[in-house]
Amino acid sequence: MVKPSFSHVTQWVFDLDNTLYPPHMQLFDQIEVLMTDYVVQAIGVDRAEANRLRGQYWRQYGTTLAGLMAEHDLDPEPYLHAVHQVDMSHMDPDAALADHIRALPGRRIVYTNGSAPYAERVLQARGLSGLFDAIYGVEHAGYRPKPEKAAFEAIFAQDGIQADKAAMFEDDPRNLAAPHEMGMRTVHVAPDPHEADHIHHHTDDLTAFLARLR
């Protein structure tokens with residue numbers, strides 16, 4: 001029984017990429033190409049090395065951007081603009097998902113390691129504009145990325161999120177550890193489950209999962 005596990009939840013936090021749209025839409029695949037391109041230009045390495053660093057920094061720092069800032073003193077704003085210039089023409093609106101999000105009781109926000117303007121474009125492409133009370137990007141956490149607990153604390157303090165009344169939906173299992181520690185209900189949204197104590201629920205279909213909460 002899923003619904004009783006969320007009876008206390010009045011604050012709903014959603015990741016963006018591969019959470020509010022399914023991975024088969026491959027939007028983040030475009031972003032990864034643009035990130036590699038940016039690393040090539042920014043620090044003067046070849047494409048193979050740039051791609052290696054992109055992955056290494058993501059694993060080590062939480063995002064490629066965080067690694068570039070720590071290791072190369074990169075200015076984050078031009079980077080965030082460049083890597084989010086992606087084509088969204090193939091993305092379909094999801095009226096059922098919109099309906100289920102609209103039905104959630106209480107406050108609903110988006111919190112992404114991408115930028116807020118990019119998130120707004122994705123929500124528009126998915127037919128989800130106007131459903132969320134606030135949209136937060138990595139810039140709102142001082143460019144500190146998930147999975148850092150300090151990043152979550154910064155966003156939740158700005159929004160007034162009370163962890164014991166909140167749920168987090170996220171595709172990256174790393175990014176559910178801090179919310180769990182803070183007392184949130186956690187939902188891993190991904191094709192394959194990831195067994196861990198900090199993950200309460202898993203779904204490969206966010207729309208179907210939210211339907212079970214009504």
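Our subject is the structure listed above.
Procedures and definitions
Residues numbered from 1 in each chain as written. Predicted model: local features only at pLDDT ≥ 70, side-chain atom pairs only at ≥ 80, totals over all residues. Heavy atoms only, no water. Buried < 20%, exposed > 50% of the residue type's maximum accessible area, 1.4 Å probe, protein only. Helix = DSSP H or I, 4+ residues; strand = E, 2+ residues; numbered from the N terminus. Pairing = 2+ DSSP bridges. Phe/Tyr/Trp six-rings, centres within 6.5 Å; stacked < 30°, edge-to-face > 60°. Lys NZ or Arg CZ within 6 Å of the ring centre and 35° of its normal.

Trainee: How should I be thinking about the pairing of strand β2 (residues 107-111) in this particular structure?
Mentor: Taking burial as the measure, the five residues of β2 include four buried ones, the bulk of the element. Looking at chain direction, strand β1 (residues 11-14) and β2 are connected through four bridges and run parallel. Looking at the pairing, V13 lines up with I109 of β2. Summarising the sheet, β2 and strand β3 (residues 134-136) pair through three bridges and their orientation is parallel.

Trainee: Is there a simple way to explain helix α3 (residues 64-72) in this structure?
Mentor: Residues lying three or four places apart along an α-helix face the same way, a consequence of the helix completing one turn every 3.6 residues. Along α3, the residues that are buried comprise T64, L65, A66, G67 and L68. Where α3 terminates, the next one or two residues include D73, which has phi positive at roughly 55 degrees.

Trainee: Would you take a moment to explain the packing of aromatic side chains for this structure?
Mentor: For any pair of aromatic rings, the description rests on two quantities: the centre-to-centre distance and the angle between the ring planes. The full count for this structure, using the stated rule, is 11 aromatic pairs. With a centroid separation of 4.6 Å and an interplanar angle of 10 degrees, the aromatic rings of F14 and F169 are classed as stacked. Of the two residues, F14 is situated in strand β1 and F169 in strand β4 (residues 166-170); the sequence distance between them amounts to 155 residues. A residue is classified by how much of its surface remains accessible, and F14, at 0% relative accessible area, is buried. Through successive ring pairs, a cluster of aromatic residues spans F6, W12, F14, F132, F169 and F209. Above the face of the Y111 ring, K146 is positioned so that its terminal group lies 4.7 Å from the ring centre.

Trainee: Sorry if this is basic, but what is going on with the environment of A208 here?
Mentor: Position of A208 relative to the elements: it lies in helix α9 (residues 206-211). For A208, a relative accessible area of 39% translates into the label partly exposed. For the pair A208 and A96, spaced 112 residues apart in the sequence, the C-alpha separation amounts to 9.0 Å.

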